[in-house]
Amino acid sequence: MSYDDNNIFAKILRGEIPCKKIYEDDHVLSFHDINPQKKIHALVIPKGKYIDFDDFSQKASPEEMVGLLKGISLVAKKLGISVDTGKGYRALANISEHGGQEVPHLHFHLFGGEKVGKMVE
Ligand code: AMP
């Protein structure tokens, strides 16, 4: 499967569709999920064209990998849900069909602001 340039997050990255931006740097963009499942529900996406976590781990540069991990932690701090400023959160990536991934551009969900509940329902 090749990367679909018309997926919704690619359009957000190109500025063709608006988002409620939380954070941006050279490697990542973060914005609020349009359909929040918890009090706080943010998304963190790499700027590179990666379909899912497997694609990313095989093709991304070390800088992009570090950038994504640091980005997740930075966004959690910005949202006040990191361990030092809040009560913690859940970071989750759905991967492909069985993982329930709908948008084919790698993204981490950050859930917080309340108890997130069972890991798998
Ligand atoms: P997943 O099922 O892991 O692929 O998650 C995709 C997520 O993207 C869902 O939680 C959607 O609510 C969210 N989403 C879809 N379109 C948008 C959008 N335009 N802005 C923000 N979040 C979106």
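Residues numbered from 1 in each chain as written. Predicted model: local features only at pLDDT ≥ 70, side-chain atom pairs only at ≥ 80, totals over all residues. Heavy atoms only, no water.

(A) Examining the site of the ligand more closely. Taken together, 17 residues lie near the ligand, and Asp33, Asn94, Glu102, His107 and His109 sit nearest. Between the ligand and asparagine 94, the relevant distance is 2.8 Å, taken from an oxygen atom to a side-chain nitrogen or oxygen of the residue. Take histidine 109: an N or O atom from its side chain is 2.8 Å from an oxygen atom of the ligand. Placement of the ligand is best described as lying within the largest pocket. Of all the secondary-structure elements, those providing two or more residues to the shell around the ligand are α1 (8-13), β2 (28-32) and β3 (40-46). Looking at side-chain class alone, the shell around the ligand contains seven nonpolar, eight polar and two charged residues. (Near = heavy atom within 4 Å. Polar contact = N/O pair within 3.5 Å; in protein donor to acceptor, adjacent residues only side chain to side chain. 1 Å grid on protein atoms, 1.4 Å probe; cavity = no way out; pocket = protein on both sides within 12 Å on 5 of 7 lines; lining within 4 Å. Sits in = over half its atoms within 2 Å of the grid points. Helix = DSSP H or I, 4+ residues; strand = E, 2+ residues; numbered from the N terminus. Nonpolar A, V, L, I, M, F, W, Y, C, P; charged D, E, K, R; others polar.)

(B) A look at the packing of aromatic side chains. Summed over all chains, the structure comprises three aromatic pairs. Centroid distance phenylalanine 9 to phenylalanine 31: 5.5 Å. Interplanar angle 75 degrees. Geometry classified as edge-to-face. Separated by 22 residues along the polypeptide, phenylalanine 9 in helix α1 and phenylalanine 31 in strand β2 bring together distant segments of the chain. Among the residues examined, phenylalanine 31 registers a relative accessible area of 3% and is labelled buried. (Phe/Tyr/Trp six-rings, centres within 6.5 Å; stacked < 30°, edge-to-face > 60°. Buried < 20%, exposed > 50% of the residue type's maximum accessible area, 1.4 Å probe, protein only.)

It is worth stressing that arrangement in space is one thing and function is another; only the former is reported here.
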